[in-house]
Amino acid sequence: MGANSSSISELPENEYLKKLSGAEPISENDPFWNQLLSFSFTTPTNSADLKLLEEATISVCKSLVEKNPRTGNLGSLIKVFLSRTKELKISAECQNHLFIWQAHNALFIICCLLKVFISRMSEEELQLHFTYEEKAPGSYGTECEDLIEELLCCLIQLIVEIPLLLEEVQRGERTAVYGDITYSISLEAVTTLIVFLSCQLFHKEILRESIIHKYLMHGRCLPYTSRLVKTLLYNFIRQERSPPPGTHVFQQQTDGGGLLYGIASGVATGLWTVFTLGGVGSKPTPQLEQCSPLANQSLLLLLVLANLTDAPDTLNPYRQAIMYFKNTQDSTAFSSSNPHAFQINFNSLYTALCEQQKSDQATLLLYMLLHQNSNVRTYVLARTDTENLVLPILEILYHVEERNSHHVYMALIILLILTEDDGFNRSIHDVILKNITWYAERVLTEISLGSLLILVVIRTIQYNMTRTRDKYLHTNCLAALANMSAQFRSLHQYAAQRIISLFSLLSKKHNKVLEQATQSLRGSLGSNDSPLPDYVQDLNVIEEVIRMMLEIINSCLTNSLHHNPNLVYALLYKRDLFEQFRTHPSFQDIMQNIDLVISFFSSRLEQAGAELSVERVLEIIKQGAVALPKDRLRKFPELKFKYVEEEQPEEFFIPYIWSLVYNSAVALYWNPHDIQLFTMDSG
């Protein structure tokens, strides 16, 4: 692409790019394309070089935008790319990687150009640039093909077919070099699809009608829906590492490989050798060395596709594919009403989900699958090793101060969905964990998964009360505890203490607001100012939470008193906390059982005498739990909460997903000043 340039900043002066964006039409048969596309590089990933690349591309694009209506060179470049992809299979069979290499390079240039075009013009204007044709002798005619649809369809075909070729590499049927370059072109195809959809970034409102969306949901792209979703999922499952930098740099053949190959290898030593992993003079970060760019990019694309808004005349087929795919071991017939369903190995998917929960996007995928796909949800709940999935989610919540609010929210919703199942709520108390190293507040040498879940959720509530005060976070935490409460069993003493300590914190907060309201009322007598409504609202919220905590404690005592001596012990130790709520009109009914339990066990302890050891107190509690007649405890409706998405969930998910793309996509940079969909500190 030019042997005289030595840095990205010199790209605008590169003779080949100047010709591409110049006033002269270039036929798709012109030898120029062999020169333009014969370069070797690994895409830069460091933000400084990506920004430089963006700025260099902008100047080329400005010229191309101006000249393309007369030259049609963008269309010619795309047609050259399409012709190269048609040669991929033949190239592979002949062990000649030139066409694969040039197809990859053409796609990289197209992606760079598209990214700038999309950020600076409407979809209608973009569509026009795909319709311009070269106005030079040798053109193939005046009939304009729909190049956007053809390019989109080609990208999807590349994504779904290349994994089959990579499997041949793994079986030894093709060379490793072939595997490296096909990995790169697969990554570039996924990236280009993301770029095609990135028009959403430059709109404040959610796009409900989009030209690109229509192409992807109708016509030639539609039949590939299930294969595309399946491939993107498998890319995520495989977590295949990127090939080392420079592994697909082609050397000139010594046995007379032909003029075209000689030209390619000669040009390859020029400008584009500056594109090394991490950019000029920098090294790849450990994070990039450890992750799989293709897996990450595939997951981001999957999330974007699954959350496209439904078209007026059709449901989003990618979401339908997510909702209805099945396990490979499921032999039941597919329903004709679900044309995009497919099968995938659930065991491999479950393992990948367990291992990748440190990223927002993996947690969001887990949420989508549990919420939308009943087959996945049933499978997960039937696993006997749910701790492998739950522990990473709890670790997200434990480190709440290090996570963005959206990630914490999705982790909580996952717990809420899991706790809707009684079998899950029972089984987590049977799973005994040893030495939870990330739980730093107290040494937990042995604790059940259920008790650990309670500890972390209560800690999240307490953190929220002192920091963010997010009502939705409160609500979902309490809903998960409420769902579990009837199944609380053998609670760890620390978990039992934290339940009561949370109630203590709420009680103090209630009294403080009540005192402030009283003082404010006294101070406002004779004044027109009335600050009381704010205090009334605060009191109502706190009393709702207190009511819920009392219901959770009551549910445990009513349903599993004999399983929870540690909770009774903590209740008795802090019995004075509950005194003020016995006669409170909002809590009188729910306090009846708690008051009865406190009175019953207090009486038995008094009869046993003073100076009792902890062990003796627990022994008396266990004996008393058997002796307490169950019919003396008033029955209340079962505490059960089910997660329901808010109306218009896309208003939350689409900005969230695109913020993940903006922050996490490999080798993609957008000018932050151009972003309209979200603010830079959102999430």
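Values in this document were obtained by computation on a predicted structure and should not be read as measured data.

### Some details on the overall build of the protein chain
Scanning the protein chain for helices and strands turns up 29 helices and 4 strands. Across the 683 residues of the protein chain, 56% fall into the buried class. Taking as baseline every contact in the protein chain between residues at least 6 positions apart, the subset at least 24 positions apart corresponds to 76%. Total accessible area on the protein chain stands at roughly 30,100 Å², and carbon and sulfur atoms take up 50% of it.

### Quick look at the pattern of salt bridges
Summed over the entire model, instances satisfying the criterion amount to 17 salt bridges. Note that Lys642 and Glu420 form a salt bridge whose closest N and O atoms lie 3.5 Å from each other. Here Lys642 is found in the loop between helix H28 (614–627) and helix H29 (650–664), whereas its partner Glu420 is found in the loop between helix H20 (405–418) and helix H21 (422–427), with 222 residues between them in sequence. One salt bridge connects Glu441 with Arg498, and the closest N-O pair in it is separated by 3.2 Å. Of this pair, Glu441 sits in the loop between strand E3 (432–434) and strand E4 (446–448) while Arg498 sits in helix H24 (residues 493–523); the two residues are 57 residues apart in sequence, bridging distant segments of the chain. Relative accessible area serves as the criterion here: at 39%, Glu441 is assigned to the partly exposed category.

### Quick notes on helix H27 (residues 588–608)
For H27, built from 21 residues, the straight-helix expectation of 30 Å at 1.5 Å per residue is met to within 8% by its first-to-last C-alpha distance of 30 Å. Listing the buried residues of H27 in full gives Ile590, Met591, Asn593, Ile594, Leu596, Val597, Ile598, Phe600, Phe601, Ser602 and Leu605.

### Quick word on H28
For H28, spanning 14 residues, the distance from its first C-alpha to its last is 20 Å, which sits close to the expected 20 Å at 1.5 Å a residue. If you check which residues of H28 are buried, you get Val617, Leu618, Ile620, Ile621, Gly624 and Ala625. Relative to the axis of H28, the buried residues are bounded by an arc of 160 degrees and lie together on one face. Exposed residues lying more than 90 degrees from the buried face of H28 are Glu615 and Val626. As for H28, its buried residues are in contact with helix H26 (565–573) and H27.

### Structural notes on the packing of helix H14 (residues 293–306) against helix H15 (residues 317–324)
Two elements in contact, H14 and H15, have axes whose closest approach is 7 Å; the angle formed by their N-to-C orientations is 110 degrees. For the element pair H14 / H15, the angle class is roughly perpendicular. For the pair formed by H14 and H15, the contact residues are Leu302, Leu305 and Ala306 on the first element and Tyr318, Arg319 and Ile322 on the second.

### Observations concerning the packing of H14 against helix H17 (residues 360–372)
Running from N to C, H14 and H17 cross one another at 45 degrees; their axes reach a closest spacing of 10 Å. When the axes of H14 and H17 are compared, the pair comes out oblique. The chirality of how H14 crosses H17 is left-handed. Along its contact with H14, which presents Asn296, Leu299, Leu300, Leu302, Leu303 and Ala306, the element H17 presents Gln361, Ala362, Leu364, Leu365 and Met368. Classifying every residue of the contact of H14 with H17 by side-chain character gives 9 nonpolar, 2 polar and no charged.

### A word on the nonpolar core
Grouped together as the largest cluster of nonpolar side chains are 228 residues, with contacts concentrated most on Phe81, Leu452 and Phe578. The biggest single contributor to this core is helix H6 (residues 98–120), with 16 residues. Ignoring sequence-local partners within four residues, the contact set of Phe81 consists of Ala103, Ala106, Leu107, Ile110, Leu151, Cys154, Leu155 and Leu158.

### Looking at unusual backbone geometry
Notably, Ser490 is not glycine yet its phi reads approximately 50 degrees, a positive angle. Within the secondary structure, Ser490 sits in the loop between helix H23 (471–485) and H24. Even without being a glycine, Gln648 presents a positive backbone phi close to 50 degrees. Within the element layout of this structure, Gln648 appears in the loop between H28 and H29.

### Side note on the side chain of Gln297
Topologically, Gln297 is positioned in helix H14. Looking at Gln297, its side chain comes within polar contact range of the main-chain nitrogen of Val666, at 2.8 Å. In contact with Gln297, other than residues within four places in its own chain, are Leu187, Val190, Thr191, Ile194, Ala665, Val666 and Leu668.

### Observations concerning the side chain of Asn554
Among the secondary structure elements, Asn554 is positioned in helix H25 (residues 532–560). Beyond its immediate sequence surroundings of up to four residues, Asn554 is in contact with Ile590, Asn593, Ile594 and Phe636.

### Examining the packing of aromatic side chains
For the structure shown, the criterion picks out 21 aromatic pairs. Between the aromatic rings of Phe346 and Tyr379, the centroid separation amounts to 5.4 Å while the plane-to-plane angle is 80 degrees, which identifies the pairing as edge-to-face. Here Phe346 is found in helix H16 (residues 346–355), whereas its partner Tyr379 is found in helix H18 (residues 374–382), with 33 residues between them in sequence. We classify Phe346 as buried; its relative accessible area is 4%. Sitting above the plane of the Tyr494 ring, Arg442 keeps its charged end 3.9 Å from the centroid. Here Arg459 stacks its cationic end above the ring of Tyr398, 4.1 Å away from the centre of that ring.

What counts, and at which threshold
- Every residue gets a number counted from 1 within its own chain, in the order that chain's sequence is written.
- Totals for whole chains, interfaces and linings use every residue, but because this is a predicted model, local features are given only for residues with pLDDT of at least 70 and side-chain atom pairs only at 80 or more, for both listing and counting.
- Hydrogens are left out, water is left out, and the side-chain values use all remaining heavy atoms of the structure.
- Secondary structure elements are defined from DSSP: runs of H or I of at least 4 residues count as helices, runs of E of at least 2 residues count as strands, and each element is numbered from the N terminus.
- Think of it in three bands: with a 1.4 Å probe and only protein chains considered, a residue is buried below 20% of the maximum accessible area for its type, exposed above 50%, and partly exposed in between.
- By definition, residues are in contact when any of their heavy atoms lie within 4.5 Å.
- To be clear on the numbers: accessible area is Shrake-Rupley with a 1.4 Å probe, and residue cover counts the displayed protein chains and nothing else.
- One speaks of a salt bridge when a side-chain nitrogen belonging to Lys or Arg is within 4 Å of a carboxyl oxygen belonging to Asp or Glu.
- Expected span of a helix: the number of residues minus one, times 1.5 Å.
- This arc is taken over the directions from the axis of the helix to the C-beta atoms.
- Axes here mean lines fitted to C-alpha atoms, for a helix over just the part in contact, with angles spanning 0 to 180 degrees between N-to-C directions.
- We call two directions roughly parallel when the angle between them is under 35 degrees, roughly antiparallel when it is over 145, roughly perpendicular when it lies between 65 and 115, and oblique otherwise.
- If you view the pair so one helix is near and one far, a crossing is left-handed when the near helix is turned anticlockwise from the far one by less than a right angle, and right-handed when it is turned clockwise.
- Any residue that is not Ala, Val, Leu, Ile, Met, Phe, Trp, Tyr, Cys, Pro, Asp, Glu, Lys or Arg is counted as polar, Gly included; the first ten are nonpolar and the last four charged.
- Throughout this description, the term nonpolar core refers to a set of buried Ala, Val, Leu, Ile, Met, Phe, Trp, Tyr and Cys residues connected via side-chain atoms within 4.5 Å.
- We call two N or O atoms a polar contact when they sit within 3.5 Å, provided that within protein one can donate a hydrogen and the other can accept it, with sequence-adjacent residues counted only if both atoms are side-chain atoms.
- Geometry of aromatic contacts follows a simple scheme: Phe, Tyr and Trp rings, the Trp one being its six-membered ring, pair when their centres are within 6.5 Å, and the pair is stacked under 30 degrees between planes, edge-to-face over 60, tilted otherwise.
- Charges are assigned to positions over rings by a cutoff of 6 Å between ring centre and Lys NZ or Arg CZ, combined with an angular limit of 35 degrees from the ring normal.

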